[in-house]
Every structure is written in structure tokens, then in C-alpha cells.
Amino acid sequence: MEIVAILMFAVVFVFILSGYPVALVLAGVPLLFAFGGILFGVLQPQDLGFLPNRVFSIMTSPVLVAVPLFIAMGVTLEKTNIAQSLLESFSQIVGKAKGGLGVGVVLIGALMAASTGIVGATVVTLALLALPLLLQQGYSKELASGTIAATGTLGQIIPPSIALVLIGDVLTNANQMAQDQFIGQAYKSVSVGELFAGSMIPGLILVVLYSCYVLLRSRTHVRPSRVIERPKRAAIVSLLRNFAPPVLLIIIVLGSILTGLATPTEAAGVGAVGALVLALFYRTLNWKVLNQIALSTLKTTSMVFLILIGASVFSLVFRLYGGDELVQEFFHHLPGGTTSALLIVMVAIFLLGFVLDFIEITYVVVPIIGPILISMGIDPVWLGVVIAVNLQTSFLTPPFGFALFYLRGVAPPEIQTFDTYKGVVPFIGLQLLVLVLLFLVPALATWLPNQLL
């Protein structure tokens, strides 16, 4: 039966690589294997009776209600051109300051990434808005494209992020499963709010490292003759007007979660409504834009939840065939114990990040390995942060990184694929540095959640 579980995993992976819709593959292939098991007497029809409860729990999960609300918040900020106004105002402020616009792209991109939480949306938006400005001000093609691609992936680690909400939901269930399977051991609780707090310091470290790198490279990779002149005071007023309200919204949403004043779902509701209020304040909201926001939110939310349901079917059938026991036995018999198991999992997640989105990885891989790693003594909050940073690095790594594909699709013709590959290499090094720091100093991810308890 364990061999059947491995075969099912391989077939699912092959079909996904073949281009079939991920959600349908995750549900369809396991159901075929389950019907085959029933036909040959390996499984019983009542074994699938757990499936309706799993689907119902997904649709009624109070944590997952935050997903469409955070999506609506990000889409609103994107569709109402708030980010574009920020970039234009900042480009006028920096004037002749070398690297100023690049740092501004990192900061504003981090703000967008936190609010949107979707790598593709952030990279495409930044590329359309900021890439022409960077090239106009004399930034080299590799520095400009590398900065945008790397900044777009910050949405994986900077809260409030959809990726962290989903990882937190899965790790909460994995933590409970570890407690049920290994009675008598003490496990630390985990929640989406704790995961938000745990990712704050690593996320800020990445933003600082990105900004420092852009400033250093700007000394030799930005031509002063092409930098625009310093503007009038009106530009400063414009920047404050465009910058303060979105930042205040993010602070209110994230601060209410970290201080315990609101749950992630309640804070997401505030964020979604607040984004609409901002759009009204900037006078960029009309019925056409509102229709675009609603339609984009509906499509993205439907995609996310359909994948969640498919992944739930996959995990159920995988467990019915004893796949989780096989993985657990494999990890527990590895030489090197917890360290070896963790390294293998991180390498596997990194490689899967080349071909799967974070949603598929979160709901297919993490439910399998999460309970096992937690039972081996790994802090679930630290594990969630490391997985997020790992996926972020994977999405940026040539030749298969998703962020590179998104950027290539909207970049101007003068930027070649090699320019992008060359530009992201230093940022990949910075992300690997943060991963190493997390392994050497776990308190980077665990200190702040412990202080907020």
C-alpha cells in the first residue's frame, strides 16, 4: 500500500508538470486511486466518508475567511493606482540621489507585497510601473530587473501575507496531528498571528539587505547624467499624501493582529474596507474599477479554495494508503536525525518551488511533513518562517523561478532573459544568508512571538 502512495504522488506530479489544472489533478488522480483500491478490496467505500467533513471544515474555517479579504485588500490597492502614485511621487523626491529610486522601489514593493501577498501580481505591477522609471534614471538592466523580481517575492515573508495565512492554517492542523499521534509530548501552540510575528524580523532584515545592496550597486550601475532633477516642495507634499494612508492601513491591520486586538480574519476585514476607503479618498474608485476588484478577488479566491479542496482529497487518500507512515519512518531512520530530515525537506520544497505555486506546496507537502518534523522537536513557528523564506528563494532562482517568468512576460524588449538571471543572483545570495541566519539564530523567528504571548 505504501508503494501505491508513492506511485500516486508521482502520477500527480507528472500530470501537474503536463499542464493540467492543479486543483483538478489534486482531486481527480487520488479519487481514481481510491476507486481502484476499493475495486481490489484494499480500501473500503466508507474510508472516503471523511471527505465531506474535510471539505466542510475548509469552507467554514474562520482562519481561511481571511484569505478572500486579504486578496480584496491587495487587489484594491493595485487596481486603484495607489502604488503608481507612490512610485511617481518618490521618483520626483529622490532627484539626483544615486540609488534613491531603487531603495524606494524596494520599500514600496515591500508594502505592495505585504498587502497583495501574491508574487505574480506584485512582480507584474512593479515591472509595469517601476521598470521604465528605473531604466529612465540610468539603472543598468540587470540591477533594475533583479530589484523588481526580488522585491516582488517579499510577499511570501512580509505580513500580512496570504502565504503566511495558509502556512499558519496548515501548521496549526499539523501541530494538532502531532499531539494526537504522540500523546505525552509537549508541543508549542501555533497560530497565524504568531507566524506573522515570527516573520517580521526576517522580513525586515531582507528589506534592509536589499536596500543596502541597491545603494552599493548604484555607485557603479547608475549613470548620473540620466537621473532627473530634484523637484519642488510640492513633490514632498504629494509623497506624504500618497505614502501615509497606505502605510497607516498596513500598520492598523498588522498591529491589531500582533497586539491581540483582532484575529487575522477581523483584521483582514478592516484591511479590505480600509483599502476601499483609501480608493474613495484618492478618487480612483468607480463602478468599473469596483467591478474589476470584485471579479479579480472572486477568481483568485475560487482558485485558492479549489486547490485547498483538491489537496484535502490528495492528503486523505495518501494517508489511507499509509503514505504518511512511510514518510514518518523514513525521517526517523535518517542518519543525523532532525537536522538531516529538515535539510531534505527544505531541499525538496526548494525544488518543488520551481514547478508548483506556494498554495500547492503548502497544502500538499506541508501536511505530510509538518506533523513529523514537529514531533521531532522543531518549533512550528520557526518551521513556518523557514518554509516561507525557502519558497521565496525558490521563486527567484533561475531558470524556473516563477518571479522570473512573470517579469519576462511584461518586461520591455531591451531586457533579455540573461539580464534578469544575472540581476537576481545577488538577491538570491541575500535570501540564502537570511536562511542560514535563521538556522544559526532561531530566535530571529521565535523571539517576537514569545514576547507577544
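Residues numbered from 1 in each chain as written. Predicted model: local features only at pLDDT ≥ 70, side-chain atom pairs only at ≥ 80, totals over all residues. Heavy atoms only, no water.

Right, let's talk about the overall build of the protein for a bit. Across its full length, the protein holds 21 helices and 0 strands. Here the protein holds 453 residues, and 55% of them are scored as buried. Long-range pairs, those at least 24 residues apart, make up 82% of the contacts in the protein with a sequence separation of at least 6. A total of about 19100 Å² of accessible surface is found on the protein, and carbon and sulfur atoms cover 70% of it. (Helix = DSSP H or I, 4+ residues; strand = E, 2+ residues; numbered from the N terminus. Buried < 20%, exposed > 50% of the residue type's maximum accessible area, 1.4 Å probe, protein only. Contact = heavy atoms within 4.5 Å. Areas by Shrake-Rupley, 256 points an atom, 1.4 Å probe, with all protein chains shown as cover.)

As a rule of thumb, non-glycine residues mostly have phi less than zero, and peptide bonds are mostly trans rather than cis. Positive phi is not limited to glycine here, since Arg283 has a value of about 60°. Within the secondary structure, Arg283 sits in the loop between α12 (264-281) and α13 (287-320).

Tallying each qualifying case throughout the model produces 1 salt bridge. Here Asp419 and Lys141 are joined by a salt bridge, their closest N and O atoms 3.8 Å apart. Linking Asp419 in helix α20 (residues 417-440) with Lys141 in helix α8 (residues 141-152), this pair joins segments that are 278 residues apart in sequence. Residue classification places Asp419 among the buried residues on the basis of a relative accessible area of 13%. Taking the relative accessible area as the measure of exposure, Lys141 reaches 33% and is therefore partly exposed. (Salt bridge = Lys/Arg side-chain N within 4 Å of Asp/Glu carboxyl O.)

What follows deals with the environment of Arg54. Secondary-structure assignment places Arg54 in helix α3 (residues 50-59). Judged by relative accessible area, which is 25%, Arg54 ranks as partly exposed. When the C-alpha atoms of Arg54 and Leu316 are compared, they prove to be 8.8 Å apart, with 262 residues separating the residues in sequence.

This part is about the packing of aromatic side chains. Summed over the entire model, instances satisfying the criterion amount to 7 aromatic pairs. Here the aromatic rings of Tyr213 and Phe427 are separated by 5.0 Å at their centres, their planes lie at 80°, and the arrangement is edge-to-face. With Tyr213 in helix α10 (residues 192-221) and Phe427 in helix α20, this pair connects stretches of sequence that are 214 residues apart. With 5.7 Å between their ring centres and 20° between their planes, Phe314 and Phe318 make a pair best called stacked. Of the two residues, Phe314 and Phe318 are both situated in helix α13; the distance of 4 residues between them amounts to about one turn of the helix. The exposure classification of Phe314 matches that of Phe318, with both residues buried. Grouping aromatic residues by their ring pairs yields a cluster made of Phe9, Phe314 and Phe318. (Phe/Tyr/Trp six-rings, centres within 6.5 Å; stacked < 30°, edge-to-face > 60°.)

Let's shift gears to α13. An ideal rise of 1.5 Å per residue puts 50 Å on 34 residues; α13 measures up with 49 Å between its terminal C-alpha atoms. Where α13 begins, one side-chain oxygen reaches toward the backbone nitrogen of Lys288, 3.1 Å away; that side chain belongs to Asn286. Two residues or fewer past α13, Gly322 is found with a positive phi of approximately 80°. (Expected span 1.5 Å × (residues − 1). Polar contact = N/O pair within 3.5 Å; in protein donor to acceptor, adjacent residues only side chain to side chain.)

Of all residues in the protein, 88% attain a pLDDT of 70 or more, and the chain-wide mean is 81. Within the protein, helix α5 (residues 82-94) has the poorest average pLDDT of any element, 67, and α20 the best, 91. (pLDDT = per-residue confidence, 0-100.)

Glancing now at the packing of helix α2 (residues 22-39) against α13. Interhelical geometry of α2 versus α13 gives an angle of 25° and a closest axis separation of 7 Å. When the interaxial angle is binned, α2 and α13 end up roughly parallel. With respect to the hand of their crossing, α2 and α13 are arranged in left-handed fashion. Here α2 contributes Ala23, Leu26, Ala27, Pro30, Leu31 and Ala34 to the contact with α13, which in turn contributes Leu306, Ile307, Gly310, Ala311, Val313, Phe314 and Val317. Tallied by class, residues from the contact of α2 with α13 come to 12 nonpolar, 1 polar and no charged. (Axes fitted to C-alpha atoms, helices over the stretch in contact; angles between N-to-C directions. Parallel < 35°, antiparallel > 145°, perpendicular 65-115°, else oblique. Left-handed = near helix turned anticlockwise from the far one by under 90°. Nonpolar A, V, L, I, M, F, W, Y, C, P; charged D, E, K, R; others polar.)

For the rest of this paragraph, the subject is the environment of Leu133. Residue placement: Leu133 occurs in helix α7 (residues 119-136). Note: C-alpha distance between Leu133 and Val105 (28 residues apart in sequence) is 9.9 Å.

What follows concerns the side chain of Asp169. Looking at the secondary structure, you find Asp169 in helix α9 (residues 162-181). For the buried Asp169, which has no salt bridge, the nearest side chain bearing the opposite charge is Arg54, at an N-O separation of 11 Å. Those residues in contact with Asp169 that sit more than four places away from it in its chain are Ser61, Val63, Leu64, Val192 and Tyr363. (Lys, Arg positive; Asp, Glu negative; His and termini not counted.)

Helix α18 (residues 380-394) packs onto helix α15 (residues 337-352) with a crossing angle of 40° between their chain directions and a minimal axis gap of 9 Å. Like other packed secondary-structure pairs, α15 and α18 cross with a definite hand, here right-handed. Residues Leu342, Met346, Ile349 and Phe350 of α15 pack against Trp382, Leu383, Val386, Ile387, Asn390, Leu391, Thr393 and Ser394 of α18. Broken down by class, the residue content of the contact of α15 with α18 amounts to 9 nonpolar, 3 polar and no charged.

There is a patch of nonpolar side chains on the surface, built from Met1, Leu39, Phe40 and Val42 and spanning about 470 Å² of accessible area. Relative accessible area serves as the criterion here: at 44%, Met1 is assigned to the partly exposed category. (Patch = residues over 30% accessible without salt bridge, like charges linked within 9 Å, V, L, I, M, F, W, Y side chains within 5 Å.)

For α20, spanning 24 residues, the distance from its first C-alpha to its last is 35 Å, which sits close to the expected 34 Å at 1.5 Å a residue. At Val425, α20 shows its maximal kink, close to 30°; a proline, Pro426, follows between one and four residues later. The set of residues buried in α20 consists of Asp419, Thr420, Gly423, Val424, Phe427, Ile428, Leu430, Gln431, Val434, Leu435 and Leu438. (Bend = angle between axes of the 7 residues up to and from the residue.)

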